[in-house]
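Examining the three-dimensional arrangement
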Amino acid sequence: MKLLQVVITFMLFAKIVFLEQSDQQEQLAEKWGFKTSDIRQLSKHEFFMPGLVDTHIHAPQYLFTGTRVDLPLLQWLTTYTFPTEAKYQDSGFAEEAYTRVVRRTLKNGTTTACYFATIHTDTSLLLAEIIDKFGQRAFVGKVCMDMNDSVPQYKEITADSVQETERFVKELLEKKYPRVQPVITPRFGPSCTEDLLCALGDLAQARDLHVQSHISENEEEVKLVENMFPAYKNYTDLYDKNKLLTSKTVMAHACYLSEEELKLFSLRGAAISHCPNSNFSLRSGVLNVRKVLEHNVKLGLGTDVAGGYSASMLDAIRKAMMASNSLQINKVNETGLTLEEAFQLATLGGSQALGLDDVIGNFEVGKEFDALLINTKASDSPFDLFSADNFEDILQKFLYLGDDRNISEVYVAGKQVVPFSSSV
Ligand code: GUN
Ligand code: FE
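Figured I'd write up the structure that's included with this text. (Residues numbered from 1 in each chain as written. Chains lettered and ligands numbered in written order. Predicted model: local features only at pLDDT ≥ 70, side-chain atom pairs only at ≥ 80, totals over all residues. Heavy atoms only, no water.)

**Some words on the overall build of the protein chain**
Definition in use: A helix here means a DSSP run of H or I that spans at least four residues, while a strand means a run of E at least two residues long, and both kinds are numbered starting from the N terminus. The buried label goes to any residue with under 20% of its type's maximum accessible area, the exposed label to any with over 50%, and the partly exposed label to all in between, with areas taken from a 1.4 Å probe on protein chains only. Working rule for contacts: check all heavy atoms of both residues, and any pair within 4.5 Å makes them a contact. For accessible areas, the Shrake-Rupley method is used with a probe of radius 1.4 Å. Any residue's cover is judged against the shown protein chains and nothing else.
Within the protein chain, the regular secondary structure consists of 14 helices and 15 strands. Taking the principal axes of the C-alpha coordinates as reference, the protein chain spans close to 65 × 50 × 40 Å. A burial count over the protein chain gives 58% of its 424 residues as buried. A fraction of 73% describes how many contacts in the protein chain between residues 6 or more apart in sequence connect residues 24 or more apart. For the protein chain, the computed accessible surface area is about 17700 Å², with 49% contributed by carbon and sulfur atoms.

**Let's talk about the site of ligand 1**
Short version of the rule: Near is defined per residue: the residue qualifies when any heavy atom it owns lies within 4 Å of the molecule or strand. Polar contacts here mean pairs of N or O atoms no more than 3.5 Å apart (in protein, one a potential hydrogen donor and the other a potential acceptor; neighbouring residues in sequence count only if both atoms are side-chain atoms). Any residue that is not Ala, Val, Leu, Ile, Met, Phe, Trp, Tyr, Cys, Pro, Asp, Glu, Lys or Arg is counted as polar, Gly included; the first ten are nonpolar and the last four charged.
Surrounding ligand 1, one finds His58, Gln61, Leu73, Trp76, Leu77, Arg187, Phe188, His214, Glu217, His253, Ser278 and Asp304. Within the side chain of Gln61, a nitrogen or oxygen atom sits 2.9 Å from an oxygen atom of ligand 1. In this structure, a nitrogen atom belonging to ligand 1 sits 2.6 Å away from a side-chain N or O atom of Asp304. Look at ligand 1: alone it shows 270 Å² of surface, and the protein chains cover 100% of it. At three residues, the largest contribution of residues to the shell around ligand 1 is made by helix H2 (residues 73-85). Broken down by class, the residue content of the shell around ligand 1 amounts to four nonpolar, five polar and three charged.

**Some words on a nonpolar patch on the surface**
Just so we agree on the cut-off: Candidate patch residues must exceed 30% relative accessible area and have no salt bridge, after which like charges are joined if within 9 Å and Val, Leu, Ile, Met, Phe, Trp or Tyr side chains if within 5 Å. In the sections that follow, a salt bridge refers to a side-chain nitrogen of Lys or Arg positioned within 4 Å of a carboxyl oxygen of Asp or Glu.
Residues Phe280, Met322, Tyr400 and Leu401 make up a contiguous nonpolar surface patch of about 350 Å² in total accessible area. A relative accessible area of 47% places Leu401 in the partly exposed class.

**Re the coordination of the iron ion (ligand 2)**
Geometrically, a metal with four donors at the corners of a regular tetrahedron has ideal angles of 109.5 degrees, and one with six donors at the corners of a regular octahedron has ideal angles of 90 or 180 degrees. Selection rule: Think of the donor list as every N, O and S atom within 2.8 Å of the metal, or within 3.2 Å for Na, K and Ca; water never makes the list, so a site can look incomplete. Under the classification used here, a metal with four donors is tetrahedral if each angle lies between 85 and 135 degrees, square planar if opposite donors are over 155 degrees apart and the others between 65 and 115, a six-donor metal meeting that same test is octahedral, and anything else is irregular.
The coordination sphere of the iron ion (ligand 2) contains the protein donors His56 (NE2), His58 (NE2), His214 (NE2) and Asp304 (OD), at a distance range of 2.0 to 2.2 Å. Geometry at the iron ion (ligand 2) is irregular, judged from the four donor atoms that bind it and their angles of 91 to 172 degrees at the metal. Every donor residue of the iron ion (ligand 2) comes from the same chain, spaced as H-x1-H-x155-H-x89-D. Placement of the pair is His58 in strand E4 (residues 52-58) and His214 in strand E9 (residues 210-215), with a sequence separation of 156 residues. Overall, His58 belongs to the buried group, its relative accessible area being 3%.

**Re H2**
Residues spaced three or four apart along an α-helix point in a common direction, a consequence of the helix completing one turn every 3.6 residues. Put simply, the rule is: Helix span, as expected, comes to 1.5 Å for every residue beyond the first.
Between the first and last C-alpha of H2 there are merely 15 Å, a value that for 13 residues lags more than 12% behind the 18 Å anticipated at 1.5 Å per step. Turning to H2, its buried residues are Leu73, Leu74, Trp76, Leu77, Tyr80, Thr81, Phe82, Thr84 and Glu85. Of the surrounding secondary structure, the elements contacted by the buried residues of H2 are E4 and helix H7 (219-228).

**Here we look at the packing of H2 against H7**
Selection rule: Between N-to-C directions, angles cover 0 to 180 degrees, with each direction set by a line fitted to C-alpha atoms, over the stretch in contact for helices. Orientation labels follow simple angle bins: below 35 degrees gives roughly parallel, above 145 gives roughly antiparallel, 65 to 115 gives roughly perpendicular, and whatever is left gives oblique.
Contact pair H2 / H7: the axes reach a minimum separation of 8 Å and the direction vectors enclose 90 degrees. Put simply, H2 runs roughly perpendicular to H7. Touching Leu73, Leu74 and Gln75 of H2 are Glu220, Glu221 and Leu224, all from H7. Classifying every residue of the contact of H2 with H7 by side-chain character gives three nonpolar, one polar and two charged.

**Thoughts on the environment of Met147**
By the secondary structure assignment, Met147 is in the loop between strand E7 (143-144) and helix H5 (158-175). Taking the C-alpha atoms as reference points, Met147 and Val412, separated by 265 residues in sequence, lie 38 Å from one another. Apart from residues no more than four positions distant in its own chain, Met147 is found in contact with Lys155, Pro190, Ser191, Cys192, Thr193 and Met228.

**Details of the side chain of Asn148**
Summarising the element assignment, Asn148 is placed in the loop between E7 and H5. Here Val151 takes part through its backbone oxygen, which lies 3.2 Å from a polar atom of the side chain of Asn148. Within the structure, Asn148 has its side chain in polar contact with the backbone oxygen of Tyr154 (distance 3.0 Å). With residues near it in sequence (within four places) discarded, Asn148 still touches Phe82, Tyr154 and Lys155.

**Regarding the packing of H5 against helix H6 (residues 194-207)**
Basically, it comes down to this: For a crossing to be left-handed, the near helix must be turned anticlockwise from the far one by less than a right angle; the clockwise case is right-handed.
In the contact formed by H5 and H6, the axes pass within 9 Å of each other and the chain directions differ by 25 degrees. Taken together, the axes of H5 and H6 are roughly parallel relative to one another. Between H5 and H6 the crossing geometry is right-handed. Between H5 and H6, the residues in contact are Thr158, Ser161, Val162, Thr165, Glu166, Val169 and Leu173 and Asp195, Leu196, Ala199, Leu200, Leu203 and Arg207, respectively. Partitioned by chemical class, the residues of the contact of H5 with H6 number seven nonpolar, three polar and three charged.

**Digging into the pairing of strand E10 (residues 249-253)**
Basically, it comes down to this: A pair of strands counts as paired when DSSP detects no fewer than two bridges linking them.
Where burial is concerned, most of E10 is hidden: five out of the five residues are buried. Across five bridges, E9 lies against E10 in parallel orientation. Counted as the bridge partner of Gln212 is Val250 from E10. Across three bridges, the pairing between E10 and strand E11 (residues 271-274) is parallel. Paired with Val250 across the bridge in E11 is Ala271.

**What about the state of the cysteines?**
Cut-off, in case you're wondering: We call a pair of cysteine sulfur atoms a disulfide when they lie within 2.5 Å.
Applying the stated criterion across every chain, the model contains zero disulfides. Here Cys192 is not disulfide-linked; the sulfur of Cys144 is the nearest cysteine sulfur, at 7.1 Å. A residue is classified by how much of its surface remains accessible, and Cys192, at 0% relative accessible area, is buried. With no disulfide of its own, Cys198 has Cys192 as its nearest cysteine by sulfur position, at a separation of 12 Å.

This is the structure we're talking about:
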């Protein structure tokens, strides 16, 4: 794990310039032209860790996070989710919820997030504006869906969905936000006609854009897709044939992918977002992370708010451990995930899944400084340290028991974004 405690980092234009041992202070100051008095010395119970990357979160669903996880996926969508998302036509309503989700995730150490918004272009652009104002790094997708029999007021006409996506991409790119990018977002197979998927794939290819969606989250959904699209070999083939499975794609869940489908993910360089809290809460399934990694498929973690009841990526790390443990108990896997691997999935893995691993994900020289300052002895810390605890123990306690009270500062591209500045 790359954690900064005994090394000095030096930043120039938001990038890490060197990593050296801290006993070389004077020579380093001379070599790089800074004053030793400018060095910030961390105390023994503090360390920097790379920022957390949430590869799958629904910003509008933040409103009901922590409630209504009592139905399986398809019923959960029609009963709670679509009626809630329909309200985001109203910009005042959207502004409050979107401000709160960005504040909450940043405070919990999510320096990068890959967001679904709703079908409404203007409030999806508002989400991007709020993210930029707070200084979070993000992808934002205007959701596309032209199929929805159960909540007819929450669906689009095919041509409008494509046109509005083009407008969304154009207007977002024109804003020239340094760290907020658009992502093409077909909701999932059952919400889209083949015509819509095809047009969105063409658009993604023509503009070289990132793509996000859901795949094989629950068995009922997989069967529905088989029935709706009999001409395709499987769910992955549906996205692939429509140019939506690329090296810039991240698909959430993927609990029920076959070997053949995993091989195609690997071949295309497409990524999976593992959302264990949601998979447990909606009782969707358990992703076999070991199998995914053995197929060399890029993998990150996601909260999947509000299918997942927590907006915290520390919770995603813990639930990823429990998902892996459950497969070991059931003798599906011999080797489970280690805490170190789960930590890596939440940081570097997420950056790889989003195609940002040359920019963020760990503390390598040349990468941008997205970091959390962890204080394991914060006055209201939710865990206790004892004299016998070594650094590994302290780190494990933070990962299993810590929360935003221990995340005293958050940096994105070298800029401090938590505590929040008075201007946001
Ligand atoms: N599949 C399609 N839409 C959604 C959603 O909003 N949440 C989850 N968990 N799965 C989905
Ligand atoms: Fe989701």
